[in-house]
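Structure at a glance
Listed here are the chains, written in short residue letters.
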Amino acid sequence: DFPNASRDARGRLRCAAAVGVGDDLEERVDALVAMGVDAVSIDTAHGHSANVVKAIQRIKGSWPDLPVTAGNVVTEEGVETLYRTVGELRSCRPSFVSVTYGAGGSTRDRTIELVTRIQRDLQLTTMAHLTCVGSTREEIKEVLKRLVDGGVENILALRGDTSDDGKLLPGDAV
């Protein structure tokens, strides 16, 4: 029914699950891996916190090939802390560093700056999330140009259909 759905080598839909940073982290991740989860996401609004960094290190120490995502940052202080944290996590050999912003786009510029800075200065592969909801085609083209000019080659675009005024509709994001 969904020919473009992401599937694993056995044809199953890919699945990620959220975990916290508590004492039972390893127990939960172990259970999820045993059930065939494809990735885990650390559920937090403060992706730059020390507990999140430790949780990533704990997960990657036992499951080095398991993709892990973690939280968001919304303040300039959080961005700087996240940048330092990503530098510290280089030893975990991430496949890529994914950076996103909210559908409203309020942190779009900060995200573009951060993802290009990580790519350029830390020499880690980055993937920028491009949230198209609520944006015009011209705005999307400008964001893409800035990412490409910044050396970002991996972009996860979250699409949306346009309304009569040319903006992408939130309910149409995929």
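Relevant structure appears above.
Predicted model only: the values in this text are computed from it and were never measured. (Residues numbered from 1 in each chain as written. Predicted model: local features only at pLDDT ≥ 70, side-chain atom pairs only at ≥ 80, totals over all residues. Heavy atoms only, no water.)

1. Topic: the overall build of the protein
- Scanning the protein from N- to C-terminus turns up five helices and six strands.
- The buried share among the 174 residues of the protein stands at 34%.
- For the protein, restricting intrachain contacts to residue pairs at least 6 apart in sequence, the fraction spanning at least 24 positions comes to 65%.
- Summed over its atoms, the accessible surface of the protein is roughly 10600 Å², and 50% of this surface lies on carbon and sulfur atoms. (Helix = DSSP H or I, 4+ residues; strand = E, 2+ residues; numbered from the N terminus. Buried < 20%, exposed > 50% of the residue type's maximum accessible area, 1.4 Å probe, protein only. Contact = heavy atoms within 4.5 Å. Areas by Shrake-Rupley, 256 points an atom, 1.4 Å probe, with all protein chains shown as cover.)

2. Observations regarding the sheet that holds strand β3 (residues 68-70)
- Pairing is parallel in the open sheet, where three strands are placed in the order β1-β2-β3. Strands at the two margins of the open sheet, each flanked by one partner only, are β1 (16-19) and β3. For this sheet, the mean angle separating the axes of adjacent strands, direction not counted, is 25 degrees.
- Of the strands in this sheet, β1 and β2 (39-42) are in contact with helix α1 (residues 25-34), which crosses β1 at around 170 degrees. (Pairing = 2+ DSSP bridges. Axes fitted to C-alpha atoms, helices over the stretch in contact; angles between N-to-C directions.)

3. With respect to the nonpolar core
- By size, the foremost hydrophobic cluster in this structure holds 19 residues, and its most contacted members are V86, L114, I118 and L147.
- Among all residues touching L114, those that are not within four sequence positions of it are V79, L82, Y83 and V99.
- L25, V52, V53 and A55 belong to the second largest nonpolar core, which has 17 residues in total. (Core = buried A, V, L, I, M, F, W, Y, C linked by side-chain atoms within 4.5 Å.)

4. Focus on the packing of aromatic side chains
- A complete count under the given rule lists zero aromatic pairs for this structure.
- Note that R117 overlies the ring of Y83, its terminal NZ or CZ placed 3.7 Å from the centroid. (Phe/Tyr/Trp six-rings, centres within 6.5 Å; stacked < 30°, edge-to-face > 60°. Lys NZ or Arg CZ within 6 Å of the ring centre and 35° of its normal.)

5. What about the pattern of salt bridges?
- The full count for this structure, using the stated rule, is seven salt bridges.
- The salt bridge involving R146 is made with D109; its shortest N-O contact spans 2.7 Å. A residue pair is termed long-range when its members are at least 10 positions apart, and R146 in helix α5 (residues 137-149) and D109 in helix α4 (residues 108-121) qualify at 37 residues.
- Judged by its relative accessible area of 28%, R146 falls in the partly exposed class.
- Linking R120 and D121 is a salt bridge whose minimum nitrogen-to-oxygen distance equals 2.8 Å. (Salt bridge = Lys/Arg side-chain N within 4 Å of Asp/Glu carboxyl O.)

6. Some details on the pairing of β2
- Pairing analysis gives four bridges linking β1 to β2, with the strands arranged parallel. Across the sheet, A17 pairs through a bridge with V40, a residue of β2.
- Considered for its hand, the β-α-β crossover made up of β1, α1 and β2 is right-handed.
- Strand direction decides the pairing type here: β2 and β3, joined by three bridges, are parallel. The partner of I42 across the bridge, within β3, is A70. (Right-handed = clockwise from strand over helix to strand, strands pointing away.)

Keep in mind these numbers describe shape, not what the thing actually does.
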